[in-house]
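Listed below are the residues making up each chain.
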Amino acid sequence: MAKITLNINKKDYPLEADPQMPLLWAIRDLAGLKGTKYGCGVAQCGACVVHLDGEAVRSCVTKVSRAAGKKVVTIEGLSETNSHPVQKAWQEIDVPQCGYCHSGQIMSAAVLLREKPNPTDQDIDDAMAGNICRCGTYLRIREAIHTAAELQKKTGTKG
Amino acid sequence: MKQFVPKKAATVLSIFIFIVAVGASAFRNDAPVKQITFSTINRDSVESVQAFEIVYKTLMSPRCMNCHPAGDVPLQGDDSHLHAMGPKRGLDGKGVYAMKCSNCHQETNIAGLHMPPGNPEWHLPPAAMKMVFQGKSAHELAKQLVDKKQNGNKDIKKLIEHADDGLVLAGWDPGEGRTLPPVTHAEFKKAWITWLQSGAYAPKK
Ligand code: FES
Ligand code: FES
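Caption draft 1: The arrangement of the packing of aromatic side chains in detail. All names here are of chain B. Taken as a whole and assessed by the stated rule, the structure comprises 6 aromatic pairs over all chains. Here the aromatic rings of W192 and W195 are separated by 5.7 Å at their centres, their planes lie at 40°, and the arrangement is tilted. One end of the pair is W192 and the other is W195, both in helix α7 (residues 185-197) and 3 residues apart, which spans about a single turn. Relative accessible area serves as the criterion here: at 0%, W195 is assigned to the buried category. Members of the aromatic cluster, connected to one another through ring pairs, are F52, Y56, W172, F188, W192 and W195.

Caption draft 2: Structural context of the pattern of salt bridges. Here the structure, examined in full by the defined rule, presents 14 salt bridges over all chains. Between A:R142 and A:D125 there is a salt bridge, with the nearest N and O atoms lying 2.8 Å from each other. Here A:R142, found in helix α6 (residues 138-155), pairs with A:D125, found in helix α5 (residues 121-128); they are 17 residues apart in sequence, far enough to count as distant. Given the relative accessible area of 23%, A:R142 is considered partly exposed. Between B:D72 and B:K130 there is a salt bridge whose closest N-O contact spans 3.2 Å. Here B:D72, found in the loop between α3 (62-65) and β1 (75-76), pairs with B:K130, found in the loop between β4 (99-100) and α4 (138-145); they are 58 residues apart in sequence, far enough to count as distant. Judged by relative accessible area, B:K130 falls into the partly exposed class, the value being 30%. Each of A:E55, A:R114, A:E115 and B:K100 takes part in salt bridges that share partners, so that together they form one network.

Caption draft 3: Spotlight on the sheet that holds strand β2 (residues 11-17) of chain A. Residues and elements named next belong to chain A. Pairing is mixed across the open sheet formed by 5 strands, whose spatial order is β2-β1-β5-β3-β4. The sheet terminates laterally at β2 and β4 (55-58), the two strands that pair on one side only. Shown here is a sheet whose adjacent strand axes are inclined to one another by a mean of 40°, direction ignored. Sheet contacts for helix α1 (residues 23-30): β1 (2-8), β2, β3 (49-52) and β5 (71-73); angle to β2, the most-contacted strand, approximately 105°. On top of the sheet, helix α4 (residues 102-115) reaches β3, β4 and β5; it is set at about 40° to β3, its chief contact.

Calculation notes
- Residues numbered from 1 in each chain as written.
- Chains lettered and ligands numbered in written order.
- Predicted model: local features only at pLDDT ≥ 70, side-chain atom pairs only at ≥ 80, totals over all residues.
- Heavy atoms only, no water.
- Phe/Tyr/Trp six-rings, centres within 6.5 Å; stacked < 30°, edge-to-face > 60°.
- Helix = DSSP H or I, 4+ residues; strand = E, 2+ residues; numbered from the N terminus.
- Buried < 20%, exposed > 50% of the residue type's maximum accessible area, 1.4 Å probe, protein only.
- Salt bridge = Lys/Arg side-chain N within 4 Å of Asp/Glu carboxyl O.
- Pairing = 2+ DSSP bridges.
- Axes fitted to C-alpha atoms, helices over the stretch in contact; angles between N-to-C directions.
- Contact = heavy atoms within 4.5 Å.

This is the structure we're talking about:
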């Protein structure tokens, strides 16, 4: 066990954790933020994606020690009022079915739109292929990402 | 009287001596370096090509080739299938958007079967210098490895140093359930250096 302070969604969380603990465990069980989901635990599904210094890491295989001193952003912290263009687009298109995969989908899409504000379908495939949706909402995800790109352009907000 | 050396043989011998003498006298000038290296080339090309056999079978093993694919998606597993979820190379070889290598591949291997192997430098060769191994014949790969335009501008010294690159070494620490390259790193390095220092000859095929 070690004392580790995690900065999650701009707030410091002083935690006691084994440095080898997956970041996902720390986020959900120690910091109590349950928006990020556990799907496979082996970096195969994307349900657990959070931002670590802006990158869409898979928190199930990221050791908590890697996050020390860095900025973690989870779905709860993507925006303060659910107003991130991706979140707005997701609501407008009503993307989720069961919803389980979508915090990961949204976090991945936010990185795509930051790096490629006008993504093509190919860019969307390249960015999102690692986020599995068991309910098969892929077509709505694609549509919502294009919508989010439009919103981002209009409002000038960036992820 | 019986001749000690038959006439014919004596003629051949004297022609031979003449050639050697002409050749040897030429050594006094600096021109005939070519002639000296000519015989060295023959000897070393055999040694060089033999060493490359070991280099080739190592580089074409999944632990090396999987990150030197012909396309832009890395390969996976001992059967070198396309990496699940199709991550792309990207310009710098480190992936794209939400699919960057280090989003899953950590600084070290993760325990357990089929877990992502790790290294701080995990990446493919960059888009401008793809260094493809997959599908290359021994001849093609040997040529490519020493071509500065295709090897990241590496001279022989840099190529030798590259044998101890962190990501090269990672091939011998592949994580659970993955077979090792066919020879040890020490054997590979010895063959690599021998190949390079004896002229880096490409096998015929
Ligand atoms: S839970 Fe992390 S990728 Fe599936
Ligand atoms: S909405 Fe159910 S898994 Fe994606």
